[in-house]
Amino acid sequence: MSTCYLNGTYQPLADARVSPMDRGFLFGDGAYEVIPVYSRRPFRLAEHLARLERTLESLRLPNSYSLDAWAAIVHEIVARNSWSDQSVYLQVTRGADTRRNHAFPVGVQPTVFLMSEALVTPPAEQLANGVAAVSAADFRWLRCELKTTALLANCLLRQMAIDHGCAETVLFRDGFLTEGSASNIFIVRDGVVLTPPKSHLMLPGITYDVVLELAAKHDVAHQVREILEDEVRTADEVWMTSSTKEVLAITSLDDRPIGDGRPGPAGRQMLAWYQEFKNTVMRGG
């Protein structure tokens, strides 16, 4: 049975209880992070916690712990669960009030919850063949840079992919690429790696940052700029990146092949660099 953390106490996940008056339950009023763990080492923990802090500040939601205290809790959750590779989910809500009211309550303690699951990364078959995606208009709210628990729009968009037997939904807003329903998106055109700039229309991904760092380190031609929808549909390669998907090729979009319908050389190389980076930094290899 997995162990979670809830408001200062480590306990079996099955025993954890939160008030139905919690604003996370009533309003989706909260922030979260998902932190991959390799060989019991949290991946880019400082960056995840910095993003959490930015989201909490933007939501005017008190931060319950210092960065060092957060790190200690994350490490303890990792230690108390059995998997070597884990996915740690961290959530902070505004807490439970005595009445349902849209206005922020006064004197209410935030609810802090962490749990862990086995980290599941793409299987070899997906890495070898890539995955299919569909596209949709990005109808989410205009603060997508905040990692909040109010994810109903993302769930609807993700379910659209599932309904079509696909792995992701690629989102476009006003003719431009934003991101995926649960990932950042990169494309390759004429040997240049392209991805949209950070803005209020997309989540600033931790893996997104790593990929750009690796491109710079290995002198790969790359640009961060706005990308037209047509550029995505006619790209040589399309990738999705996230903490759990890492770097995964999208080889068809809306039932049409991307490039030759197979993972391309740039994506295969970036995946290899990512694995090398991960193994060196996180596994001591």
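The structure reproduced in this document is the subject of the present report. (Residues numbered from 1 in each chain as written. Predicted model: local features only at pLDDT ≥ 70, side-chain atom pairs only at ≥ 80, totals over all residues. Heavy atoms only, no water.)

### Some thoughts on the packing of helix α6 (residues 206–217) against helix α8 (residues 265–282)
Relative to each other, α6 and α8 sit at 105°, their axes nearing to 10 Å. Overall, the two elements α6 and α8 adopt an arrangement that is roughly perpendicular. On α8, the residues touching T207, V210, V211, L214 and A215 of α6 are M270, W273, Y274 and F277. Looking at the contact of α6 with α8, its residues break down into eight nonpolar, one polar and no charged. (Axes fitted to C-alpha atoms, helices over the stretch in contact; angles between N-to-C directions. Helix = DSSP H or I, 4+ residues; strand = E, 2+ residues; numbered from the N terminus. Parallel < 35°, antiparallel > 145°, perpendicular 65-115°, else oblique. Contact = heavy atoms within 4.5 Å. Nonpolar A, V, L, I, M, F, W, Y, C, P; charged D, E, K, R; others polar.)

### Considering the layout of surface pockets
Here the idea is plain: a probe the size of a water molecule rolls over the atoms and shows the empty space left. By volume, the largest pocket is sized at about 1,300 Å³. Considering the residues around the largest pocket, the lining is formed by 50 residues, among which Y32, K147, L151, S181 and A182 are closest to the centre. Counting residues per element, the lining of the largest pocket draws most heavily on helix α5 (residues 152–163), which supplies four residues. Here the residues of the lining of the largest pocket sort into 23 nonpolar, 16 polar and eleven charged. (1 Å grid on protein atoms, 1.4 Å probe; cavity = no way out; pocket = protein on both sides within 12 Å on 5 of 7 lines; lining within 4 Å. Points joined across faces, edges and corners; volume = space filled by probe spheres on them.)

### Here we look at empty space enclosed by the protein
According to the stated counting rule, one finds one cavity of 30 Å³ or more in the structure shown. Of the volumes computed, that of the largest cavity is approximately 30 Å³. Lining the largest cavity, in full, are D236, E237, V238, W239, A249, I250, T251, R262, P263 and G264. Counting only elements with at least two residues in the lining of the largest cavity, the list comes to β13 (237–242) and β14 (246–253). Tallied by class, residues from the lining of the largest cavity come to five nonpolar, two polar and three charged.

### Examining the state of the cysteines
What makes a disulfide is a covalent bond joining the sulfur atoms belonging to two cysteines. Scanning the model with the defined rule gives zero disulfides in all. In this structure C144 is not part of a disulfide, and its nearest cysteine sulfur, from C155, lies 13 Å away. Take C166: it sits in no disulfide, and the sulfur closest to it among the cysteines is that of C155, at 18 Å. (Disulfide = S-S within 2.5 Å.)

### Quick look at the packing of helix α2 (residues 45–58) against helix α3 (residues 67–80)
In the contact formed by α2 and α3, the axes pass within 11 Å of each other and the chain directions differ by 120°. Taken together, the axes of α2 and α3 lie oblique to each other. Remark: the crossing between α2 and α3 carries right-handed chirality. Listed contacts from α3 to L45, L49, L52 and E53 of α2 are L67, W70, A71, V74 and H75. (Left-handed = near helix turned anticlockwise from the far one by under 90°.)

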